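# Report on the structure
One-letter residues, chain by chain:
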Amino acid sequence: MKSLVVSIGAVVAALSLTYGLGIASASSSSSARTATKVGTASSKLGRILVDRHGRTLYLFAKDRHGKSACSGLCAGYWPALTTKGKPQAINGARKALLGTTRRSDGRMQVTYRGHPLYRFSGDTSPAGKKIVSGAAGPGY
């Protein structure tokens, strides 16, 4: 009888583990489809836009009419903030100002007040480090 209880316990544990892994897998795949989040944060320059990890978001002055002018080498230094769903406003960002624009590669890029948003490849943490002259790449 004791071995039967242990066997049933092992089967229940195995099923629980399998079920739990299935839920975790479904959860991670559904989170990959969730919308990109844009918020605000305080900086020495005032309120700035940030992604859900607290990294600074930027606009590109050469973008016109809500369309990105940053591709190729530029996009290597300044990756577009893209989304697979409707972007979400968090922490002070205004939902009404968020939107999207289709990039030349077909991906949807997040916009704020009509400006396509970018990250900087040199930003490594929410705390950030001072950008010194020449660190931003070829001057985009």
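The coordinates are above.
Parameters at a glance
- What you see as residue numbers is a count from 1 along each chain, following the sequence as written.
- Per-residue local features are limited, in this predicted model, to residues with pLDDT of at least 70; the limit for side-chain atom pairs, both in listing and counting, is 80 or more; totals at the level of whole chains, interfaces and linings are taken over all residues.
- Heavy atoms throughout the structure, all of them, feed into the side-chain values; hydrogens and water do not.
- The buried label goes to any residue with under 20% of its type's maximum accessible area, the exposed label to any with over 50%, and the partly exposed label to all in between, with areas taken from a 1.4 Å probe on protein chains only.
- The numbering of helices and of strands both runs from the N terminus, where a helix is a DSSP run of H or I of at least 4 residues and a strand a run of E of at least 2.
- Two strands qualify as a pair provided that DSSP identifies no fewer than 2 bridges between them.
- Any N or O atom pair separated by 3.5 Å or less is treated as a polar contact, with the protein-specific requirement of one donor-capable and one acceptor-capable atom, and with residues adjacent in sequence counted only for side-chain atom pairs.
- Working rule for contacts: check all heavy atoms of both residues, and any pair within 4.5 Å makes them a contact.

Let us look at the pairing of strand β6 (residues 108-112). Within β6, 4 of the 5 residues are buried, which leaves the element mostly enclosed by the surrounding structure. Examined bridge by bridge, strand β3 (residues 82-83) and β6 share 2 bridges and lie antiparallel to one another. Residue pairing in the sheet places threonine 82 in a bridge with glutamine 109 of β6. Inspection of the sheet shows strand β5 (residues 98-102) paired to β6 by 5 bridges, in the antiparallel sense. For leucine 98, the partnering residue across the bridge sits in β6 and is tyrosine 112. As judged from the 2 bridges shared by β6 and strand β7 (residues 115-116), these two strands associate in the antiparallel manner. Each residue of the ladder has a partner; that of tyrosine 112, found in β7, is histidine 115. Following β6, the chain reverses through 2 residues before pairing antiparallel with β7; arginine 113 in that reversal takes a positive phi of roughly 55°.

Along the chain, glutamine 109 falls in strand β6. You can call glutamine 109 buried: its relative accessible area is 0%. Polar side-chain contacts of glutamine 109 include one of 2.8 Å to the side chain of arginine 103. Once residues within four sequence positions are removed from consideration, glutamine 109 is found in contact with Ser68, Ala80, Leu81, Thr82, Gly99, Thr100, Thr101, Arg103, Pro116, Leu117 and Tyr118.

Just geometry here; none of it tells us what the structure is for.
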